[in-house]
Amino acid sequence: MEIYRFAQEIILDAGEFIRNRMIEDFNIDSKMNANDLVTDVDKETEQFLFDKIEERYPEHRILGEEGAGADIEDADGVLWIIDPIDGTLNFVHQLENFAVSIGIYIDGKPYAGLILDVMKNDLYHAAYEQGAYKNDEVLHDIEESSLKSSLISTNANWLVREGINTPFIQVVKDARSVRSLGSAALEFVNVVRGTSSAALFYRLHPWDFAGGIILLNEVGGITTTLLGDEVRLLKTNSILAANKKIHGELTEYFKADEAFIKNHKEFHKL
Ligand code: IPD
Ligand code: CA
Ligand code: CA
Ligand code: CA
């Protein structure tokens, strides 16, 4: 539990670092395309966390979105998977609705998940089989629900992408309604809190889901790919994070679509 307590300390420190740093000027660059932004604050926050972990636990390994552990290919030992700012577009445009996300795995097995809603300073945290918390408050098991009476969360980009959008469109039609927050980690948090019944993503990276999976598991939820397969920890995956009932319903939409299955397989190099 010592590593878990240390992780709680440093994620709160990282939040404070971001809140202080964002008052000053920072540069904004683009990465893969003009809408894929990264700021100095993303990079500095990753370095902030990296330095703290390395100082305390030099033997641990760290994989981060902004370059830490880019050569890591296996999950041996203690592995920290870090997203220093999840929801960079929200950070840039809204100055809210972004998170720091940490997932800690030991020999590939879940150990602890932590997601900090930075502007609210609310910390969602869970250690494996120890329950989930919002700050000091215990989070209870989520309720089961079916699609027709549920709010779900997905990104409009997948609805306009030919080749994969057919099942997404049908899911949207059949749901009570759809929300889109713009931070995968906070979308996981909504499922963990039960304010959303499911979150669907066509592509997420390890740092987007590593913390959320562990949190959701502790409140009785489940995370798989959209086709119901096990998530590969160190690869990109499609992600379905949900309560168990709606999870079963939703995978049927994707499993029934041949074109989706084919394109999904090629895209994720399965
Ligand atoms: C992004 C956010 C966004 C999701 C993208 C992620 P970033 O993470 O979580 O909600 O739709 O796929 O890449 O780049 O802001 O850390
Ligand atoms: Ca990013
Ligand atoms: Ca992210
Ligand atoms: Ca990020």
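Here the structure is shown first, and the text comes after it.
Nothing here was measured: the structure is a model prediction, and the numbers come from that model.

1. Notes on the coordination of the calcium ion (ligand 4)
So, step 1. Protein-derived coordination of the calcium ion (ligand 4) comes from Glu65 (OE), Asp83 (OD) and Ile85 (O), at a distance range of 2.1 to 2.3 Å.
So, step 2. Written as a sequence motif, the donor arrangement for the calcium ion (ligand 4) is E-x17-D-x1-I.
So, step 3. The distance between the calcium ion (ligand 4) and the calcium ion (ligand 2) comes to 3.8 Å, and Glu65 binds to both of them. Residue Glu65 is found in the loop between β3 (61–64) and β4 (78–86), and its partner Ile85 is found in strand β4; the two are separated by 20 residues along the sequence.

2. Thoughts on the site of ligand 1
So, step 1. The immediate surroundings of ligand 1 are formed by 13 residues, with Asp86, Gly87, Thr88, Gly182 and Ala184 found nearest.
So, step 2. The contact in question runs from an oxygen atom of ligand 1 to an N or O atom on the backbone of Gly87, over 2.7 Å.
So, step 3. The fraction of the free accessible surface of ligand 1 (380 Å²) that becomes covered by protein chains is 78%.
So, step 4. Those elements that provide at least two residues to the shell around ligand 1 are β4 and β12 (198–204).
So, step 5. No other element matches β4, which puts three residues into the shell around ligand 1.
So, step 6. Here the residues of the shell around ligand 1 sort into three nonpolar, five polar and five charged.
So, step 7. The two domains that each donate at least three residues to the shell around ligand 1 are domain 1 (2–139) and domain 2 (147–267).

3. Concerning the environment of Asp174
So, step 1. Structurally, the position occupied by Asp174 is in helix α5 (residues 165–174).
So, step 2. You can call Asp174 partly exposed: its relative accessible area is 30%.
So, step 3. Sequence separation of Asp174 and Asp83 is 91 residues, and the distance between their C-alpha atoms is 33 Å.
So, step 4. Among all residues touching Asp174, those that are not within four sequence positions of it are Leu147, Lys148 and Tyr253.

4. Some remarks on the coordination of the calcium ion (ligand 3)
So, step 1. Taken together, the protein ligands of the calcium ion (ligand 3) are Asp83 (OD), Asp86 (OD) and Asp208 (OD), with distances of 2.1 to 2.2 Å.
So, step 2. Donor residues for the calcium ion (ligand 3) sit on one chain with the sequence pattern D-x2-D-x121-D.
So, step 3. In this structure, the calcium ion (ligand 3) lies 5.3 Å from the calcium ion (ligand 2). For the residue pair Asp83 and Asp86, the accessibility class agrees, reading buried in each case.

5. What about helix α1 (residues 2–21)?
So, step 1. With 20 residues, α1 should reach 28 Å at 1.5 Å per residue; the first-to-last C-alpha distance of 28 Å fits that figure.
So, step 2. Those residues of α1 that fall on the buried side of the exposure criterion are Ile3, Tyr4, Phe6, Ala7, Gln8, Ile10, Ile11, Ala14, Gly15, Ile18 and Arg21.

6. Regarding the packing of α1 against helix α2 (residues 40–56)
So, step 1. It is the contact of α1 with α2, at a shortest axis distance of 10 Å, that shows an interaxial angle of 150°. In terms of axis orientation, α1 runs roughly antiparallel to α2. The two elements α1 and α2 cross, and the hand of that crossing is right-handed. Across from Glu2, Phe6, Ile10, Asp13, Ala14, Phe17, Ile18 and Arg21 in α1, the residues of α2 making contact are Asp40, Val41, Glu44, Thr45, Phe48, Leu49, Lys52, Ile53 and Arg56.
So, step 2. Tallied by class, residues from the contact of α1 with α2 come to nine nonpolar, one polar and seven charged.

7. Comments concerning the environment of Asn135
So, step 1. Within the element layout of this structure, Asn135 appears in the loop between β8 (132–134) and β9 (137–139).
So, step 2. For the pair Asn135 and Phe188, spaced 53 residues apart in sequence, the C-alpha separation works out to 16 Å.
So, step 3. Apart from residues lying up to four places away in sequence, Asn135 is in contact with Asn121, Asp122, Leu123 and His125.

8. Some details on the pattern of salt bridges
In a structure, side chains of opposite charge can pair up when their charged atoms sit close to one another.
So, step 1. As enumerated under the stated definition, the model contains 12 salt bridges in all.
So, step 2. With a closest N to O distance of 3.9 Å, Glu24 and Arg21 form a salt bridge.
So, step 3. We classify Arg21 as buried; its relative accessible area is 12%.
So, step 4. With a shortest N-O distance of 3.2 Å, Lys31 and Glu65 are connected by a salt bridge. Remark: Glu65 occurs in the loop between β3 and β4 and Lys31 occurs in the loop between β1 (28–30) and β2 (37–39); sequence separation between them is 34 residues.
So, step 5. On the accessibility criterion, Lys31 (35% relative accessible area) is partly exposed.

9. Some remarks on the nonpolar core
So, step 1. Grouped together as the largest cluster of nonpolar side chains are 35 residues, with contacts concentrated most on Ile81, Ile115, Phe188, Phe209, Leu216 and Ile239.
So, step 2. If you list the elements that add at least two residues to this core, you get β4, β5 (99–106), β7 (122–127), α6 (184–193), β12, α7 (206–218) and β14 (237–242).
So, step 3. Residue contributions to this core reach at least three from each of two domains, namely domain 1 (2–139) and domain 2 (147–267).

Conventions adopted
- Residues numbered from 1 in each chain as written.
- Chains lettered and ligands numbered in written order.
- Predicted model: local features only at pLDDT ≥ 70, side-chain atom pairs only at ≥ 80, totals over all residues.
- Heavy atoms only, no water.
- Donors = N, O, S within 2.8 Å, 3.2 Å for Na, K, Ca; no water.
- Helix = DSSP H or I, 4+ residues; strand = E, 2+ residues; numbered from the N terminus.
- Near = heavy atom within 4 Å.
- Polar contact = N/O pair within 3.5 Å; in protein donor to acceptor, adjacent residues only side chain to side chain.
- Areas by Shrake-Rupley, 256 points an atom, 1.4 Å probe, with all protein chains shown as cover.
- Nonpolar A, V, L, I, M, F, W, Y, C, P; charged D, E, K, R; others polar.
- Domains from an automatic or database assignment.
- Buried < 20%, exposed > 50% of the residue type's maximum accessible area, 1.4 Å probe, protein only.
- Contact = heavy atoms within 4.5 Å.
- Expected span 1.5 Å × (residues − 1).
- Axes fitted to C-alpha atoms, helices over the stretch in contact; angles between N-to-C directions.
- Parallel < 35°, antiparallel > 145°, perpendicular 65-115°, else oblique.
- Left-handed = near helix turned anticlockwise from the far one by under 90°.
- Salt bridge = Lys/Arg side-chain N within 4 Å of Asp/Glu carboxyl O.
- Core = buried A, V, L, I, M, F, W, Y, C linked by side-chain atoms within 4.5 Å.

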